[in-house]
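# Architecture and fold: a report
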Amino acid sequence: MVDTCQEEDSLTALKASLVMSLSLLPENALVGLITFGTMTQVHEIGYTECAKSFVFRGSKEYGPKNVQEMLGLTQPALRPGMQPQPGRPMPPIGPAARFLLPVQQCEFQLTKALEQLQRDPWPVAGDRRNLRCTGVALSVAVGLLESSFQNAGGRIMLFAGGPATEGPGMVVGPALREPIRSHHDIDRDNIKYYKKALKVCRDCSRVQKSGADF
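Given the structure is predicted, the values throughout are model-derived calculations rather than measurements.

On to the overall build of the protein, then. Regarding its fold elements, the protein presents six helices and eight strands. Traced from its N-terminal end to its C-terminal end, the protein shows the element sequence β-α-β-β-β-β-α-β-α-α-β-α-α-β. Within the protein, residue pairs in contact and separated by at least 24 positions form 71% of the contacts whose partners lie at least 6 positions apart. Roughly 12,400 Å² of accessible area belongs to the protein as shown, and the carbon and sulfur atoms make up 52% of that amount.

In structure tokens, the structure reads:
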């Protein structure tokens, strides 16, 4: 999961690190790419004809079923009667194969997608923060993993360059005049977005219980 609201230098360095990391992964390791800023995009790395992605609105809340329906993941990914071996997840053979593939099959497409990533195109006024929908991106990633590999191990790696300022999970508003909460605010229960942000964290922890972590 890559935050595209980062400064240009940071985003460039991150892309280079991620491209290098692909060469260090086992060939059968399954990988996918989600980028987020004002919107969340799930990149279809299994489609080689051109760059293709599914876009989720950053201000809207999506449950696992919503994500699975929008991505076309309502059919099970594993063959009936076959179970994944511990530590060696089976390659998805259903709709999830469009988004999660072994490195040896998608390294070229994924490298190209990473190299072509640009900063979030939405304009930002001088007195505003970037709109960063981290919570939506996490919800989408959770829905993708839940439908693809039930009771199997997985990892969501989040590379964020700032606080969530849009949609579910936001911790501060987009106006710069609104300060980011501090530990003193938490101690005094003066935390405006706490309950909604906590709900997103709890929803994500559901995946950890089923074998995944982030």
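And the narrative resumes.
Turning our eyes to something else, we now look at the pairing of strand β4 (residues 39–43). Strand direction decides the pairing type here: strand β3 (residues 34–36) and β4, joined by three bridges, are antiparallel. Across the sheet, the residue bridging to F36 is T40, located in β4. Where β3 folds back onto β4 in an antiparallel hairpin, the turn is made up of two residues. Alignment of β4 against strand β5 (residues 53–57), held across five bridges, turns out to be antiparallel. Bridge pairing in β5 places H43 opposite S53.

A separate point is the nonpolar core. The biggest cluster of nonpolar side chains holds 24 residues, and the ones touching the most others in it are M1, I34, V42, F56, L71, V140 and I156. For this core, the secondary structure elements donating two or more residues are β3 and α4 (134–148). Considering each element in turn, this core owes the most residues, eight residues, to α4. Each residue touching L71, except ones within four places of it in the same chain, is listed here: V42, F54, F56, R98, F99 and L144.

Relative to the helices and strands, E166 resides in the loop between β7 (154–155) and α5 (183–187). Aside from chain neighbours lying at most four places away, what touches E166 is G58, S59, L131, R132 and C133.

Looking now at the pattern of salt bridges. Counted by the stated rule, this structure contains three salt bridges. The closest approach of N and O atoms between D3 and R132, which form a salt bridge, is 2.5 Å. A residue pair is termed long-range when its members are at least 10 positions apart, and D3 in strand β1 (residues 2–3) and R132 in the loop between α3 (103–115) and α4 qualify at 129 residues. Overall, D3 belongs to the buried group, its relative accessible area being 0%. Between E44 and K52 there is a salt bridge, with the nearest N and O atoms lying 3.7 Å from each other. Residues joined in a network through salt bridges with shared partners are E44, K52 and R98.

What follows concerns the sheet that holds β5. An order of β1-β3-β4-β5 is seen for the four strands of this open sheet, with the pairing classed as mixed. Single-partner strands in this sheet number two, and they are β1 and β5. Here β1 pairs with β3 via two bridges, running parallel. Counterpart to V2 in the pairing with β3 is T35. Sheet contacts for α4: β3, β4 and β5; angle to β3, the most-contacted strand, approximately 165 degrees.

Rules of the game
Residues numbered from 1 in each chain as written. Predicted model: local features only at pLDDT ≥ 70, side-chain atom pairs only at ≥ 80, totals over all residues. Heavy atoms only, no water. Helix = DSSP H or I, 4+ residues; strand = E, 2+ residues; numbered from the N terminus. Contact = heavy atoms within 4.5 Å. Areas by Shrake-Rupley, 256 points an atom, 1.4 Å probe, with all protein chains shown as cover. Pairing = 2+ DSSP bridges. Core = buried A, V, L, I, M, F, W, Y, C linked by side-chain atoms within 4.5 Å. Buried < 20%, exposed > 50% of the residue type's maximum accessible area, 1.4 Å probe, protein only. Salt bridge = Lys/Arg side-chain N within 4 Å of Asp/Glu carboxyl O. Axes fitted to C-alpha atoms, helices over the stretch in contact; angles between N-to-C directions.

Purely spatial values, then, with no claim about function.
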